[in-house]
Number of protein chains: 2
Amino acid sequence: MRTVYVNGDYLPETEAKISIFDRAFLMADGVYEVTSVLGGKLIDFAGHLTRLERSLDELDMKKPAAFDNLLDIHRELVRVNEIEDGLVYLQVTRGSDGDRDFVFPDRETTEPTLVLFTQSKPGLAQSPQAEKGLKILSIDDLRWGRRDIKTVQLLYPSMGKMMAKKAGCDDAWMIEDGHVTEGTSNNAYIVKGNKIITRQLSNDILHGITRAAVLRFAREAQMDVEERPFTIDEAKAADEGFVTSASAFVMPVVEIDGQALGDGTPGPVARRLREIYLDESLKTAV
Amino acid sequence: MRTVYVNGDYLPETEAKISIFDRAFLMADGVYEVTSVLGGKLIDFAGHLTRLERSLDELDMKKPAAFDNLLDIHRELVRVNEIEDGLVYLQVTRGSDGDRDFVFPDRETTEPTLVLFTQSKPGLAQSPQAEKGLKILSIDDLRWGRRDIKTVQLLYPSMGKMMAKKAGCDDAWMIEDGHVTEGTSNNAYIVKGNKIITRQLSNDILHGITRAAVLRFAREAQMDVEERPFTIDEAKAADEGFVTSASAFVMPVVEIDGQALGDGTPGPVARRLREIYLDESLKTAV
């Protein structure tokens, strides 16, 4: 039985409940972060905290009272749940004033809801999937226009994951105006002639914490990085592909819509970046 | 203290809680309906039930066990909460298998969550707003691409309502590719030269229950109806405007982005349709 955190209390997971009037339940009015745990330590924690603050600001959402204690809460959950490798999920919602209205509740009197829980994933960094690589299905991107804000509006990404599964694939890449935006829960990259190509930051994609770190490490390793939109046909003709996310780190892509990339096995750039990312991010884990 | 319904139980509203792992809370994986109550009776109930079933089907979501008893549950809540005029809100979610995953939980073993609650709105049909009309702000439509499914992904409509409020307006109309899609929680109409113009049904807008009824009554009354997209400039130059929704019925629009429509007071077509709608829908209330 996990211990989870809800608004100041550490509770058994089966007792962790929120009001039916919570705005995340009624109106998807909430934001979240997922931080990886490796060897009992938090990866890229500062980056996740900074992005959380930005998400809250963009939605004019109040910081939860415990904002300054988030590192302690993360650590306490990792400790009590004995997480060696895994994740800490955090969600902040606009809370509830006890009823339903499109108009935001009074900011002064309505406290945000803060929920955190862990997921244990032994051997997270040694995922067998990283040896096999991902098979990707391309689908239309039907999400809303502010994907830079990490909201809980995840119904379409969830549907996309199901479409991929049904098609015998591992994940989906989403396409808008002919160009790939990103994966259902990760940023998307291709490699062509030793050049790493990934979409530039905008409101169209999540500003991945892992993306920022991986691009920095790539540049430090003298790799050539180009930030621009790419088409799905360009992706299918690439030498290799990969995705990045907080929980998958750097994960090779070996197939798109049934078309093998390169020789259909994880490519050298993705492999090397995964190694570098895991090495470097462990050094700054807290 | 209201009595609300949560998964088979009638509870005091302050005890009405759902798991933090509910997919509506974590992933906006839920759909809803709002049915008006006038004189203690439910307006257009059959239409709402049919649309709920369609929303569930479109998302491959299971019907809650109590689906066939929904009329009884609505009536019981209206009775115990002594609702003369008001609303019944209903939400179905994909439930929870006790953890978080983009992949849908097992359909066989995971029960949907069913929540219903009432809102008392004395004099709902005699709203003073209907005498004054609405001032509208136009904003970009940033919502996802399946607005025909009535999901709880209402963050952007909620933000739109706040943008309108900040601009001294009552509501917002959303614009995509130069054309009005709809209001934040209602369908949008203009009237020009006695012709009622409203966007045709597609994935771009909600398939309003009140919209269907109002258009039927308009045609029965020999009014000219044209279903096509219209621009915001066309709207500003219209003789009058209005919106329809389950809780606002037919509500006149008198101003868009500071530009008065006609003489800036509720127009005759909107007034007449409101009257007809209220008369006719009361006849079929249950």
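These numbers come from a predicted model, not from an experiment. Along each chain, residues carry numbers from 1 onward, in the same order as the chain's sequence is written. Key to labels: chains lettered from A, ligands numbered from 1, both in the order written. For this predicted model, a pLDDT threshold of at least 70 governs which residues receive local features, and a threshold of 80 or more governs which side-chain atom pairs are given and counted, while totals over whole chains, interfaces and linings are taken from all residues. No hydrogens and no water enter the side-chain calculation; it runs on all heavy atoms of the structure.

## Examining the overall build of chain A
Point 1. Segments assigned H or I by DSSP are reported as helices when at least four residues long, segments assigned E as strands when at least two residues long, and all are numbered from the N terminus. If you tally the helices and strands in chain A, you get 8 helices and 16 strands.
Point 2. Here chain A has a C-alpha radius of gyration of 19 Å; the compact-globule value for 286 residues is 19 Å, and the two agree.
Point 3. Exposed residues in this analysis have more than 50% of their type's maximum accessible area, buried residues have under 20%, and partly exposed residues fall in between, with area computed by a 1.4 Å probe over protein chains only. Out of the 286 residues in chain A, the part that is buried amounts to 58%.
Point 4. Residues are treated as being in contact if the distance between any of their heavy atoms lies within 4.5 Å. In chain A, of all internal contacts separated by at least 6 residues, the share reaching a separation of at least 24 is 71%.
Point 5. Total accessible area on chain A is roughly 11,300 Å²; 47% of this is exposed by carbon and sulfur atoms. Note on method: radius of gyration uses C-alpha positions; expected globular size equals 2.2 Å times residues raised to 0.38. Each accessible area is a Shrake-Rupley estimate made with a 1.4 Å probe; only the visible protein chains count as cover when residues are assessed.

## Thoughts on the interface of chain B and chain A
Point 1. Contacts between the two partners involve 54 residues from chain B and, on the opposite side, 54 residues from chain A.
Point 2. Taking both sides of the interface into account, the surface hidden between chain B and chain A amounts to around 4,500 Å²; carbon and sulfur atoms contribute 70%.
Point 3. On the chain B side of the interface with chain A, the three residues burying the most area are B:Phe25, B:Phe102 and B:Leu155, jointly 17% of the side's total.
Point 4. The working definition used for a salt bridge is a side-chain nitrogen of Lys or Arg within 4 Å of a carboxyl oxygen of Asp or Glu. Taken together, chain B and chain A are joined by 2 salt bridges.
Point 5. For A:Arg2, the salt bridge is made with B:Asp99, and the minimal N-O distance between the two is 3.2 Å.
Point 6. Polar contact is the term for a pair of N or O atoms within 3.5 Å; when the atoms are in protein, one must be able to donate a hydrogen and the other to accept it, and sequence-neighboring residues count only if both atoms are side-chain atoms. Between the two partners, chain B and chain A, sit 23 residue pairs in polar contact (both at pLDDT 80 or more).
Point 7. Looking at the side of chain B that touches chain A element by element, the count peaks at 8 residues for helix H5 (residues 155-166) of chain B.
Point 8. Polar here means any residue outside two lists: the nonpolar Ala, Val, Leu, Ile, Met, Phe, Trp, Tyr, Cys and Pro, and the charged Asp, Glu, Lys and Arg; Gly therefore counts as polar. Here the side of chain B that touches chain A is built from residues that sort into 29 nonpolar, 12 polar and 13 charged. Once two parts are brought into contact, the accessible area they lose, counted with a 1.4 Å probe and summed over both, makes up the buried area.

## Quick notes on the packing of aromatic side chains
Point 1. Within 6.5 Å between ring centres, the rings of Phe, Tyr and Trp (the latter by its six-membered ring) count as paired, and their orientation is classed by plane angle as stacked under 30 degrees, edge-to-face over 60, tilted in between. Here the structure, examined in full by the defined rule, presents 18 aromatic pairs over all chains.
Point 2. Seen in terms of ring centroids, A:Tyr32 and A:Tyr89 are 5.6 Å apart; in terms of plane orientation they differ by 25 degrees. Their pairing is stacked. Separated by 57 residues along the polypeptide, A:Tyr32 in strand S4 (residues 30-38) and A:Tyr89 in strand S6 (residues 86-93) bring together distant segments of the chain.
Point 3. Residue A:Tyr32 is classed as buried on the basis of its relative accessible area, which comes to 6%.
Point 4. Centre to centre, the rings of A:Trp144 and B:Tyr156 are 6.3 Å apart; their planes meet at 65 degrees, and the pair counts as edge-to-face. Residue A:Trp144 is found in the loop between strand S8 (134-140) and helix H5 (155-166), and its partner B:Tyr156 is found in helix H5; the two belong to separate chains. Each of the two residues, A:Trp144 as well as B:Tyr156, counts as buried.

## Considering the side chain of B:Asp85
All names here are of chain B.
Point 1. One can find Asp85 in the loop between helix H3 (70-80) and strand S6 (86-93).
Point 2. Neither His nor the chain ends contribute to the count of charged residues, in which Lys and Arg are positive and Asp and Glu negative. One buried charge, Asp85, has no salt-bridge partner; the nearest side chain with opposite charge is Arg274, at 10 Å.
Point 3. Here the side chain of Asp85 touches Gly39 through a polar contact of 3.0 Å, landing on its backbone nitrogen.
Point 4. When residues no more than four places from it in sequence are discounted, the contact partners of Asp85 are Val37, Leu38, Gly39, Gln119, Ser120, Lys121, Pro122, Gly123 and Leu124.

## Some points on helix H8 (residues 268-283) of chain B
Point 1. Expected helix span is taken as 1.5 Å per residue step, with the number of steps being one fewer than the number of residues. Over its 16 residues, H8(B) runs 23 Å from end to end, which matches the ideal 22 Å to within 8%, given 1.5 Å per residue.
Point 2. Along H8(B), the residues that are buried comprise B:Val269, B:Ala270, B:Leu273, B:Arg274, B:Ile276, B:Tyr277, B:Leu278 and B:Ser281.

## Here we look at the relation of the copies chain B and chain A
Point 1. When chain B is brought onto chain A, the operation consists of a screw motion whose angular component is 180 degrees and whose axial shift is 0.0 Å, with 0.0 Å RMSD remaining. Here the symmetry operator amounts to a two-fold rotation axis.
Point 2. Here 100% of the interface residues in chain B have copies in chain A that are interface residues too; the copies meet face to matching face. In superposing the copies, a least-squares fit is computed on C-alpha atoms, taking residues whose pLDDT is at least 70 in both.

## Looking at the sheet that holds strand S7 (residues 113-120) of chain A
Residues and elements named next belong to chain A.
Point 1. Pairing between two strands is assigned when DSSP locates at least 2 bridges connecting them. Pairing is antiparallel in the open sheet, where 6 strands are placed in the order S2-S1-S7-S6-S4-S5. Each of the sheet's edge strands pairs with one partner strand only, and the pair in question is strand S2 (9-12) and strand S5 (41-42).
Point 2. Each axis is a line fitted through C-alpha atoms, and for a helix only the stretch in contact is used; angles between axes span 0 to 180 degrees, taken between their N-to-C directions. Here helix H2 (residues 45-58) sits on the sheet and contacts S4, S5 and S6; the angle it forms with S4, its principal contact strand, is near 180 degrees.

## A look at the packing of helix H6 (residues 209-220) of chain A against helix H8 (residues 268-283) of chain A
Residue and element names in this part refer to chain A.
Point 1. In contact at an axis separation of 10 Å, H6 and H8 are set at 110 degrees when each is read in the N-to-C sense. On the basis of the axis angle, H6 is roughly perpendicular to H8. Residues Thr210, Ala213, Val214, Phe217 and Ala218 of H6 touch H8, and the partners they reach there are Leu273, Ile276, Tyr277 and Glu280.
Point 2. The residue inventory of the contact of H6 with H8, partitioned by class, reads 7 nonpolar, 1 polar and 1 charged. Comment on the angle field: the value is read as roughly parallel under 35 degrees, roughly antiparallel over 145, roughly perpendicular from 65 to 115, and oblique elsewhere.

## Regarding the side chain of A:Thr244
Residue and element names in this part refer to chain A.
Point 1. With respect to the helices, strands and loops of the structure, Thr244 is situated in strand S14 (residues 240-245).
Point 2. Classification of Thr244 by relative accessible area gives buried; the value is 1%.
Point 3. Apart from residues lying up to four places away in sequence, Thr244 is in contact with Asn186, Asn187, Tyr189, Thr210, Arg211, Val214, Phe249 and Val250.

## Thoughts on the domain arrangement of chain A
Residues and elements named next belong to chain A.
Point 1. Here the domain parsing of chain A yields domain 1 (3-124) and domain 2 (129-283).
Point 2. Residue ranges for the domains originate in an automatic or database domain assignment. Relative to domain 2, the C-alpha centre of domain 1 lies at a distance of 26 Å.
Point 3. Taken together, the contact between domain 1 and domain 2 spans 21 residues of the former and 21 residues of the latter.
Point 4. With both sides pooled, the region where domain 1 packs onto domain 2 buries about 1,900 Å², and carbon together with sulfur makes up 63% of that total.
Point 5. It is Tyr32, Asp44 and Arg51 in domain 1 that bury the most area against domain 2; as a group they hold 31% of the surface buried on that side.
Point 6. If you look at where domain 1 meets domain 2, you find 2 salt bridges.
Point 7. Between Glu58 and Arg146 there is a salt bridge, and its shortest N-O distance comes to 2.7 Å.

## Digging into the nonpolar core
Point 1. Put simply, a nonpolar core is a bunch of buried Ala, Val, Leu, Ile, Met, Phe, Trp, Tyr and Cys residues held in one set by side-chain atoms that sit within 4.5 Å of each other. Judged by nonpolar contacts, the single largest core of 88 residues is most densely connected at A:Ile20, A:Ile196, B:Ile20 and B:Ile196.
Point 2. If we skip the residues at most four places from it in the chain, A:Ile20 touches A:Phe25, A:Leu26, B:Val4, B:Val6, B:Ala16, B:Lys17, B:Ile18, B:Val115 and B:Phe117.

## A few points about the pairing of strand S12 (residues 195-198) of chain B
Residues and elements named next belong to chain B.
Point 1. Note: strand S11 (residues 187-192) against S12, 4 bridges, orientation antiparallel. Bridge pairing in S12 links Lys192 to Lys195.
Point 2. Counting the residues in the hairpin turn of S11 and S12 gives 2 residues, including Gly193, whose phi is positive at 55 degrees.
Point 3. The sheet contact formed by S12 and strand S13 (residues 224-227) spans 4 bridges and is parallel. By the bridge assignment, Ile197 is partnered in S13 with Glu226.
Point 4. Note on handedness: a crossover is taken as right-handed if, strands pointing away from the viewer, the path from the first strand over the helix to the second is clockwise. A crossover links S12 with its parallel partner S13, the connecting element being helix H6 (residues 209-220), and its sense is right-handed.

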